[in-house]
Every structure is written in structure tokens, then in C-alpha cells.
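# Remarks on the overall topology
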Amino acid sequence: QVQLVESGGGLVQAGGSLRLSCAASGGTFSRYVMGWFRQAPGKEREFVASIGASTVYADSVKGRFTISSDITKSTVILQMNILKAEDTADYYCAADTDRYYRGSDPHRYLYWGQGTQVTVSS
């Protein structure tokens, strides 16, 4: 059973930066696609970025967010720069066993973390 634990959320002013981490355990990290999703109050969960055989970004975060992974630590990082008020949401780490998956459908991901809150004040 894969377990995912997010950390790094918090409160930041617009224009600032935050770094989210997701530590994975219980599986073979190098075989997975790892994704970040977010969900704002009253809205559906939306794709942010993923990394597996390739990296993929939502249009809304391209040029501002960077996803990376450290296989030796089974950790995926989401570096968020130039944050905007509309980035405010709960951010979730997810994993799926198909590392070649490039889509944004959250239902494709088997494992989920508990989430970490990001609040950007304007």
C-alpha cells in the first residue's frame, strides 16, 4: 500500500513562493507517475502538474510552478513561484502505477495524500 504525505503549505502574499513536498512510501517510486492536484472551496479538484516519464503542467501554472522528483528520497516537489490569490486551495499529491500517463484525470490516480493548505493573500 502506497502512502503519500504532503508538507510545505501555508500562508503567503501574492507574488511570493512556496515549496510543497510529497514523501512516498510503500511502493516502487521510480515506476509511478506522481501528480499534484488542487481543490479550492466549492470547486472541483483540478490538475496542477505531474511527473513520470515526462512532466506536464496545467496552463494556469506554466512558467510559475516547477515539479521535480528525488528518486533517492521517494519525494516529489512542487516549487510554486509568483503565487496568485487564485492559487489558494488545498493541494494534494497523487500517484499512479502508469508512469507514462500524461493526462489530468484525477480518477486515474490510485493513491492520494491528505492534502496541504495553501493560502495566497492579495
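Structure: see above.
These remarks concern the structure in this document. This one's a predicted model, so the numbers in the text were calculated from it and none came from an experiment. (Residues numbered from 1 in each chain as written. Predicted model: local features only at pLDDT ≥ 70, side-chain atom pairs only at ≥ 80, totals over all residues. Heavy atoms only, no water.)

## Focus on the sheet that holds strand β1 (residues 3–7)
Where strands meet in a sheet, backbone hydrogen bonds hold them as pairs that are either parallel or antiparallel. In space, the four strands of this open sheet follow the order β1-β3-β8-β7, with antiparallel pairing throughout. A single partner strand is all that each edge strand has here, and the edge strands are β1 and β7 (65–70). In this sheet, neighbouring strand axes are inclined to one another by 15° on average, regardless of whether the strands run parallel or antiparallel. (Pairing = 2+ DSSP bridges. Helix = DSSP H or I, 4+ residues; strand = E, 2+ residues; numbered from the N terminus. Axes fitted to C-alpha atoms, helices over the stretch in contact; angles between N-to-C directions.)

## Structural notes on the side chain of Thr75
As for its position among the elements, Thr75 is in strand β8 (residues 75–80). A polar atom in the side chain of Thr75 sits 2.9 Å from the backbone oxygen of Lys73. Look past the residues within four positions of Thr75 in its chain and what remains in contact with it is Ser21, Cys22, Ala23, Phe29, Ser68, Ser69 and Asp70. (Polar contact = N/O pair within 3.5 Å; in protein donor to acceptor, adjacent residues only side chain to side chain. Contact = heavy atoms within 4.5 Å.)

## Structural notes on the packing of aromatic side chains
A complete count under the given rule lists five aromatic pairs for this structure. The interplanar angle of 80° and the centroid separation of 5.1 Å between the aromatic rings of Phe37 and Tyr109 together place this pair among those described as edge-to-face. Placement of Phe37 in strand β4 (residues 33–39) and of Tyr109 in the loop between β9 (89–96) and β10 (111–112) is noted, with a sequence separation of 72 residues between them. Each member of the pair Phe37 and Tyr109 is classed as buried. Aromatic side chains Phe37 and Trp112 sit 5.1 Å apart centroid to centroid with 55° between the ring planes, which places their arrangement in the tilted category. Of the two residues, Phe37 is situated in strand β4 and Trp112 in strand β10; the sequence distance between them amounts to 75 residues. Relative accessible area serves as the criterion here: at 0%, Phe37 is assigned to the buried category. For Trp112, a relative accessible area of 26% gives the class partly exposed. (Phe/Tyr/Trp six-rings, centres within 6.5 Å; stacked < 30°, edge-to-face > 60°. Buried < 20%, exposed > 50% of the residue type's maximum accessible area, 1.4 Å probe, protein only.)

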